[in-house]
Amino acid sequence: EIRLSLVGSEMCIRDRSCMCMKKEKNELITMATLLKKDEKIERNTKTFEKIMFLYSIASKELETKLEIIKEEFKLFYDYELIDHIQTRIKKPDSIANKMKTRGLPLTYQDMIENINDIAGIRVICPLKKDVFTVRDLVRKIPGVKVIKEKDYIHNPKKSGYSSYHMILEVPISLSHNFMYVKVEVQIRTMAMDFWASLEHKLKYKPQTEITKSSSKELVTCAKMVNKLDNKTVSYTHLRAHETKANL
């Protein structure tokens, strides 16, 4: 006796011995398997295009998960946990310059192993406490591995820069296999983001020279931004207390 049955998207033919064709599982691979050993980085090549494609997929995967968190809090809890999300893939010149600065050979292997911010996502939150809520939720995303974290909010850089950084490995699925790809996530408040954008423009404009006095001004501004964030949290708590008292 032969029976036909559908299993997922495949048709299995079963006889009395219960033999059937099973769907093959996707194989876990690494980016390195797509490369030749010590292969040099060459932009405008198919290899470079493939690698950047994998980073873009990982970025989209994580962005989708973060957008779901954003909408969940908005619809279910009537709370704006995340104001907005920005993504970017590092430009080839920026990758090469960073590798040269760090004294790394310009190979794909060294790029993949050492440059962790090729795919980058910035999550902008209204309040400082929201930053840590998002961090905790990111840690719990199924399948995503946390490789490294840096808390520049409690421990700002000398320049005054504040943000929470996470290096993650995000699983991506291809037609025949899957792999983990690194993505850097920066979580910060709107005030922190304003300051960071200003610092970046001043620091990386060739015609702009940052003097000692301007550096001090930036640090002073950063301290003011931190005070603003703390005052906003205090005000929010006060408003919440007043609302409860009036109920």
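Residues numbered from 1 in each chain as written. Predicted model: local features only at pLDDT ≥ 70, side-chain atom pairs only at ≥ 80, totals over all residues. Heavy atoms only, no water.

1. Comments concerning the pattern of salt bridges
(1) Moving on: For the structure shown, the criterion picks out 11 salt bridges.
(2) Moving on: Across the pair Asp136 and Arg135 runs a salt bridge whose closest N-O atoms are separated by 3.0 Å.
(3) Moving on: In this structure Arg135 comes out as buried when scored by relative accessible area, which is 16%.
(4) Moving on: Asp193 is the salt-bridge partner of Arg188, the closest N and O atoms lying 3.0 Å from each other. For the pair formed by Arg188 and Asp193, the shared burial category is buried.
(5) Moving on: One network of salt bridges, with partners in common, ties together Arg88, Lys90, Lys98 and Asp117. (Salt bridge = Lys/Arg side-chain N within 4 Å of Asp/Glu carboxyl O. Buried < 20%, exposed > 50% of the residue type's maximum accessible area, 1.4 Å probe, protein only.)

2. A few points about helix H4 (residues 128-139)
Every α-helix carries 3.6 residues per turn, so stepping three or four residues along brings you back to the same face.
(1) Moving on: Under the 1.5 Å per step criterion, the end-to-end length of H4 is 18 Å for 12 residues, consistent within 8% with the ideal 16 Å.
(2) Moving on: Along H4, the residues classified as buried are Lys128, Asp130, Val131, Phe132, Val134, Arg135 and Val138. (Helix = DSSP H or I, 4+ residues; strand = E, 2+ residues; numbered from the N terminus. Expected span 1.5 Å × (residues − 1).)

3. Digging into the side chain of Lys70
(1) Moving on: Within the element layout of this structure, Lys70 appears in helix H1 (residues 46-76).
(2) Moving on: The residues contacting Lys70, other than those within four sequence positions of it, are Ile82, Asp83 and His84. (Contact = heavy atoms within 4.5 Å.)

4. Quick word on the nonpolar core
(1) Moving on: Judged by nonpolar contacts, the single largest core of 47 residues is most densely connected at Ile51, Tyr55, Leu62, Met111, Val123 and Ile187.
(2) Moving on: Listing elements by their share of this core, those giving two or more residues are H1, helix H2 (92-101), helix H3 (108-114), strand E5 (119-125), H4, strand E7 (164-173) and strand E8 (177-189).
(3) Moving on: A per-element tally of this core places H1 first, with 11 residues.
(4) Moving on: Beyond its immediate chain neighbours, meaning those up to four positions away, Ile187 contacts Val123, Cys125, Val131, Val134, Arg135, Ile153, Ser163, Tyr164 and Met166. (Core = buried A, V, L, I, M, F, W, Y, C linked by side-chain atoms within 4.5 Å.)

5. Overview of the environment of Tyr161
(1) Moving on: Within the secondary structure layout, Tyr161 lies in the loop between strand E6 (145-151) and E7.
(2) Moving on: With 31 residues separating them in the primary sequence, Tyr161 and Met192 have C-alpha atoms 7.7 Å apart.
(3) Moving on: Engagement of the side chain of Tyr161 in a polar contact is seen with the side chain of Arg188, the distance being 2.7 Å. (Polar contact = N/O pair within 3.5 Å; in protein donor to acceptor, adjacent residues only side chain to side chain.)

6. Details of a positive patch on the surface
(1) Moving on: On the surface, Arg102, Lys148, Lys150 and Lys157 cluster together to form a positively charged patch.
(2) Moving on: With respect to the element layout, Lys157 can be found in the loop between E6 and E7. (Patch = residues over 30% accessible without salt bridge, like charges linked within 9 Å, V, L, I, M, F, W, Y side chains within 5 Å. Areas by Shrake-Rupley, 256 points an atom, 1.4 Å probe, with all protein chains shown as cover. Lys, Arg positive; Asp, Glu negative; His and termini not counted. Charge placed at Lys NZ, Arg CZ, Asp CG, Glu CD.)

7. Concerning the confidence of the model for the protein
(1) Moving on: Looking at the protein as a whole, the pLDDT averages 81, with 70% of positions reaching at least 70.
(2) Moving on: Of all the helices and strands in the protein, strand E2 (residues 10-14) carries the lowest mean pLDDT, 38, while E6 carries the highest, 98.
(3) Moving on: Here residues 1-23 is modelled with pLDDT under 50, and outside its nearest four sequence neighbours on either side it reaches 26 contacts, counting other chains as well.
(4) Moving on: A low-confidence stretch, residues 237-245 stays under pLDDT 50, and its non-local contacts, those more than four residues away or across chains, total 1 contact. (pLDDT = per-residue confidence, 0-100.)

8. Topic: unusual backbone geometry
What is expected of a backbone is that most residues other than glycine have negative phi and most peptide bonds are trans.
(1) Moving on: Even without being glycine, Asp38 reaches a positive phi, approximately 60°.
(2) Moving on: Position of Asp38 relative to the elements: it lies in the loop between strand E3 (27-28) and H1.
(3) Moving on: Classification of Asp38 by relative accessible area gives exposed; the value is 52%.

9. Examining the packing of aromatic side chains
(1) Moving on: The tally for this structure, following the rule as stated, stands at 5 aromatic pairs.
(2) Moving on: Relative to Tyr180, the ring of Phe178 lies with its centre 6.4 Å away and its plane at 70°, an arrangement referred to as edge-to-face.
(3) Moving on: Owing to a relative accessible area of 27%, Tyr180 belongs among the partly exposed residues under this scheme.
(4) Moving on: Among the aromatic residues, ring-to-ring pairing joins Phe73, Phe76 and Tyr77 into one connected group.
(5) Moving on: The side chain of Lys145 reaches across the aromatic face of Tyr180, ending 4.1 Å from its centre. (Phe/Tyr/Trp six-rings, centres within 6.5 Å; stacked < 30°, edge-to-face > 60°. Lys NZ or Arg CZ within 6 Å of the ring centre and 35° of its normal.)

10. Quick look at H1
(1) Moving on: Here H1 spans 44 Å end to end across 31 residues, near enough to the 45 Å set by a 1.5 Å rise per residue.
(2) Moving on: Once H1 finishes, Asp78 follows within two positions and takes phi at roughly 50°, a positive value.

11. Quick notes on the environment of Glu61
(1) Moving on: With respect to the secondary-structure elements, Glu61 resides in helix H1.
(2) Moving on: In this structure, Glu61 is in contact with Val170, Pro171 and Ile172, ignoring residues within four places of it in sequence.

12. Quick look at the side chain of Ser56
(1) Moving on: Mapped onto the elements of the fold, Ser56 is located in helix H1.
(2) Moving on: Looking at Ser56, its side chain comes within polar contact range of the main-chain oxygen of Phe53, at 2.6 Å.

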